[in-house]
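Residues per chain, in single letters:
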Amino acid sequence: MNKLFKLLLLTLFSVILIAFYSCKKDEPKPDNSPSEKSGKFIFKFNHVIDGQNIEYDNIKYVNEAGNHYGVNVIQYFVTDVTLHKSGGTSMMIDDWTDFAYVDTDIPTTLTWEVFDPIPIGIYDSITFTLGFNEVKNQSFMFVNPPEVNMVWPEYLGGGYHYLKINTKWIDTTNVARGCAWHLGIGQTYDSLNVVNGFIQNYFNISLPNSAFEITEDDTKEIQIVMNVENWFKNPNTYNFDEFGGDIMQTQAAMILGCENGHDVFTIGYIQ
Amino acid sequence: MKNIKYFLILIGLIVFISACKKDEPTVPEDDAPFMATPYVFDIPNHFPTIMNIPEDNPMTVEGVELGRYLYYDERLAGREDEGLYMSCATCHIQEHSFENGVGFGYGLPDSVTGISKHTSHVMLPHINLIWNPGTYGWNGSVALIEDDVVGVITDPAEFNSTYEKVVNTISNIPMYPPMFEKAFGTPEITIDRISKAIAQFVRTLIASDSKAHKVFRGEVNFTDAERRGLILFTTEQGADCFHCHGSEGAPLFTTNLFYNNAKDSFFTGIYEDPHDRYHITGDPMDLGAYKATTLINIEKTGPYMHDGRFQTLDDVIAFYNGKLKWSPYADPLMHKLIPPYENGAELTPFQIADLKAFILTLTDETFLTNPDFAKPVGLP
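Residues numbered from 1 in each chain as written. Chains lettered and ligands numbered in written order. Predicted model: local features only at pLDDT ≥ 70, side-chain atom pairs only at ≥ 80, totals over all residues. Heavy atoms only, no water.

Within chain A, the secondary structure is distributed over three helices and 17 strands. Out of the 271 residues in chain A, the part that is buried amounts to 51%. Long-range pairs, those at least 24 residues apart, make up 70% of the contacts in chain A with a sequence separation of at least 6. Element-wise, carbon and sulfur atoms account for 54% of the exposed surface of chain A, whose accessible area totals about 13,000 Å². (Helix = DSSP H or I, 4+ residues; strand = E, 2+ residues; numbered from the N terminus. Buried < 20%, exposed > 50% of the residue type's maximum accessible area, 1.4 Å probe, protein only. Contact = heavy atoms within 4.5 Å. Areas by Shrake-Rupley, 256 points an atom, 1.4 Å probe, with all protein chains shown as cover.)

See below:
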């Protein structure tokens, strides 16, 4: 009987123990990440020509080559935004999505509230990539509009446009012509005009005067300004009459734009 | 003794299992919320994941089935008493990709004048509308399929009826109240429920099985001509269709956006179309702009353009190849519009044949014959 009692006691104890542990709630795991103090970032995108907000669909601007032109819409990807500190350290903003899609026809895309917390401190500069680098520019990664409408055909290298500026200019016959001024992966062609190679045209942009300090719980709003006229000058004078209305298959035209792109973006304000 | 051991182990197991049972709230059967069977979508490869399904009209198996009956039931127009019959399927015919195949749609005649009016523009197919971002129609004026259904009922160029007539007619057909009960929880029949059910069915009309889609999925291969046609379709120095009509990476074969595609030179005064995109947005650059239609099943949906001016695909290709008309409103993407006027892609006859060969690969025969989309068996 004594043996039976011991067994009963042992079983009861085991049952209580098992029941207790099996009902333990899933408590949140302690955050092992360093408790770094941080602030937040909001990017605002603005687009100007000759320092003034763009009057869209109006052929009222003149580029360095003397072309009279107007802008219908501007669409592009900003990726790999990186914050640099003196001493060479840097931090790339990953955000949820790793990129910003900016579309002048969609006002909500002109504001990018960065999800990542930004560690407090003094930063020297901001850099980013226009478009996607060859690792990230993967076909089929977007399935939903508006990003999916930036698709760059497989035959021309695949992935997505870096930038679209749909524009019109007055040609040599004094008539307004449409131009799909689009940047993306370039191609090389053989003697039969068949694609036989690709050229990655994405490029990095360092924003001048982009030093800032962010303090704890601060939300820093940074306006990035695209100065559209700079796409068409410095170091290359881009002439619409020379390349016509489409450049996706004309590397000689795209490279001019890409080389001019270094000073297209500036900081409007940091506040 | 051995039995006691087993007994105790059994008790332990029972306690163990029952100890973790969650306290679920018990709902008296009478008060349980109505739940129809959720309709599960299988999103095709590379198709959008964002679907235009309003929160107040979730897709259900019962709702879709009811919608299919209503879509095909020619008593739906509510003018049975006048000997006049019309349903959605009267004009939206499956073999024509749920378009009418003849151009403009003609509504039921006016009861007083006996005159039938026609739609402002040619029909648009009911295809892949679940991915329309809320700009239905040639000018994007309709935000929801449900709204379109409601509009059709009273439109003089369509049912030319009244809500009361429609509701009364459907209510008096014995099979419908139980179907509404299955779909919505009660047998009550309203315009709102009719529109919701039809919209649910229309959202199931997905076409993703054309030869081109199969090639993109790696299931079959293009012929050489089709492959060359795809290259022409997706290159600016070719035909440059893709900027507005998609490609491998944009398999709806439409951006669902609006363009003035250089069909005309004049858009104001006597040339003004009060139903173009401009009359929705007020943006002068939208004068003469219309929806870029999907090219999936385009072979089956002529005549073409908003006014049906082109009878055949050959006519359409000929237009883009050399008959573009200049105007200040032409979209910049119409960059082949180069003075002197009336020009275009300037493809050779061989290239035109290749381009057409590719476009024909966008026909989805499965969609055109899918019995799930067809008239229900037994429906009069």
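This part takes up the overall build of chain B. Scanning chain B from N- to C-terminus turns up 14 helices and four strands. Counting only C-alpha atoms and orienting by the principal axes, one finds that chain B spans roughly 105 × 60 × 40 Å. Taken over 380 residues, chain B has a buried fraction of 52%. Counting 28 positive and 51 negative side-chain charges, chain B places the centres of these two groups 6 Å from one another. (Lys, Arg positive; Asp, Glu negative; His and termini not counted. Charge placed at Lys NZ, Arg CZ, Asp CG, Glu CD.)

To continue, consider helix α4 (residues 145-154) of chain B. All names here are of chain B. Every buried residue of α4 is accounted for by Ile145, Glu146, Val149, Val152 and Ile153. Buried residues of α4 fall within an arc of 120 degrees about the axis and therefore sit on the same side. Residues of α4 that are buried in the fold lie against α5 (163-171) and α7 (191-203). (Arc of directions from axis to C-beta.)

The next thing to look at is the packing of α4 of chain B against α7 of chain B. Residue and element names in this part refer to chain B. Two elements in contact, α4 and α7, have axes separated by 8 Å at closest approach and are oriented at 125 degrees. Considered as vectors, α4 and α7 are oriented oblique to each other. Taken as a pair, α4 and α7 cross one another with a handedness that is right-handed. Here Ile145, Glu146, Val149, Val150 and Ile153 of α4 lie close against α7, whose contacting residues are Ile191, Ser195, Lys196, Ile198, Ala199, Val202 and Arg203. (Axes fitted to C-alpha atoms, helices over the stretch in contact; angles between N-to-C directions. Parallel < 35°, antiparallel > 145°, perpendicular 65-115°, else oblique. Left-handed = near helix turned anticlockwise from the far one by under 90°.)

Residues Phe266, Ile270 and Tyr271 of chain B make up a contiguous nonpolar surface patch of roughly 410 Å² in combined accessible area. Turning to its location among the elements, tyrosine 271 of chain B is positioned in the loop between β3 (258-259) and α11 (278-281). (Patch = residues over 30% accessible without salt bridge, like charges linked within 9 Å, V, L, I, M, F, W, Y side chains within 5 Å. Salt bridge = Lys/Arg side-chain N within 4 Å of Asp/Glu carboxyl O.)

This paragraph deals with unusual backbone geometry. All names here are of chain A. Between proline 145 and the following residue, proline 146, the backbone shows a cis peptide bond with an omega angle of 5 degrees. We note that asparagine 193 has phi near 65 degrees; this positive angle belongs to a residue other than glycine. Tracing the chain through its elements places asparagine 193 in the loop between β12 (186-189) and β13 (195-199). With relative accessibility at 47%, the residue asparagine 193 sits in the partly exposed group. In this model, aspartate 217 sits at a positive phi of 60 degrees, which is unusual for a non-glycine residue. Tracing the sequence through the fold places aspartate 217 in the loop between β15 (212-214) and β16 (219-227). When its relative accessible area of 66% is taken as the criterion, aspartate 217 is described as exposed.

In terms of nonpolar packing, the biggest core is built from 143 residues, with Leu163, Trp181, Trp231 and Phe265 of chain A together with Tyr176 of chain B touching the most fellow members. Leave out the neighbours within four places in its chain, and tryptophan 181 of chain A touches Leu163, Lys164, Ile165, Thr167, Trp231, Phe232, Tyr238, Phe240, Ile247 and Gly257 of chain A. Counting ten residues, the second largest nonpolar core, distinct from the first, contains Phe132, Phe142 and Val151 of chain A together with Ala250 of chain B. (Core = buried A, V, L, I, M, F, W, Y, C linked by side-chain atoms within 4.5 Å.)

Glancing now at the packing of helix α12 (residues 313-322) of chain B against helix α13 (residues 349-360) of chain B. Residues and elements named next belong to chain B. It is the contact of α12 with α13, at a shortest axis distance of 11 Å, that shows an interaxial angle of 130 degrees. Relative to α13, the element α12 lies oblique. Note on packing geometry: the crossing formed by α12 with α13 is right-handed. Between α12, through Leu313, Asp314, Ile317 and Asn321, and α13, the contact on the second element is made entirely by Ile352, Leu355, Lys356, Ile359 and Leu360.

Residues and elements named next belong to chain A. Taken as a whole, this structure holds 49 aromatic pairs over all chains when the rule is applied. Seen from their ring centres, phenylalanine 203 and tryptophan 231 are 6.2 Å apart, and the 75 degrees between their planes marks the pair as edge-to-face. With phenylalanine 203 in strand β14 (residues 203-207) and tryptophan 231 in the loop between β16 and α2 (240-243), this residue pair connects regions lying 28 residues apart in the sequence. Accessibility classification places phenylalanine 203 together with tryptophan 231 in one group, the buried group. Relative to phenylalanine 265, the ring of tryptophan 231 has its centre 6.3 Å away and its plane inclined at 90 degrees; by these criteria the two rings are edge-to-face. Of the two residues, tryptophan 231 is situated in the loop between β16 and α2 and phenylalanine 265 in strand β17 (residues 265-270); the sequence distance between them amounts to 34 residues. (Phe/Tyr/Trp six-rings, centres within 6.5 Å; stacked < 30°, edge-to-face > 60°.)

Turning our attention to the pattern of salt bridges. Inspection of every chain in the model, using the stated rule, returns 18 salt bridges over all chains. We note a salt bridge from glutamate 55 of chain A to lysine 60 of chain A, for which the minimum N-O separation is 3.0 Å. Classification of glutamate 55 of chain A by relative accessible area gives partly exposed; the value is 38%. Its salt-bridge partner being arginine 228 of chain B, residue aspartate 354 of chain B comes within 2.7 Å of it at the nearest N-O pair. A residue pair is termed long-range when its members are at least 10 positions apart, and aspartate 354 of chain B in helix α13 and arginine 228 of chain B in helix α9 (residues 224-233) qualify at 126 residues.

What follows is about the confidence of the model for chain B. Residue and element names in this part refer to chain B. Averaged over all residues, the pLDDT of chain B equals 92, while 91% of them reach at least 70. Note on residues 12-25: pLDDT under 50 across the span, and nine contacts to partners over four residues away in sequence or across chains. Interface predicted TM-score (ipTM) for the complex: 0.88; the corresponding pTM is 0.88. (pLDDT = per-residue confidence, 0-100.)

This part covers the confidence of the model for chain A. Per-residue confidence for chain A gives a mean pLDDT of 90, with 87% of residues at or over 70. Low pLDDT, under 50, characterises residues 18-34 of chain A; the stretch is placed with seven contacts to residues that sit more than four places away or in other chains.

A few words now on the environment of valine 122 of chain B. All names here are of chain B. Mapping valine 122 onto the fold places it in strand β2 (residues 118-122). Among the residues examined, valine 122 registers a relative accessible area of 3% and is labelled buried. With sequence-adjacent residues up to four places away left out, valine 122 is seen in contact with Gly103, Phe104, Trp138, Pro303, Met305, His306, Asp307 and Gly308.

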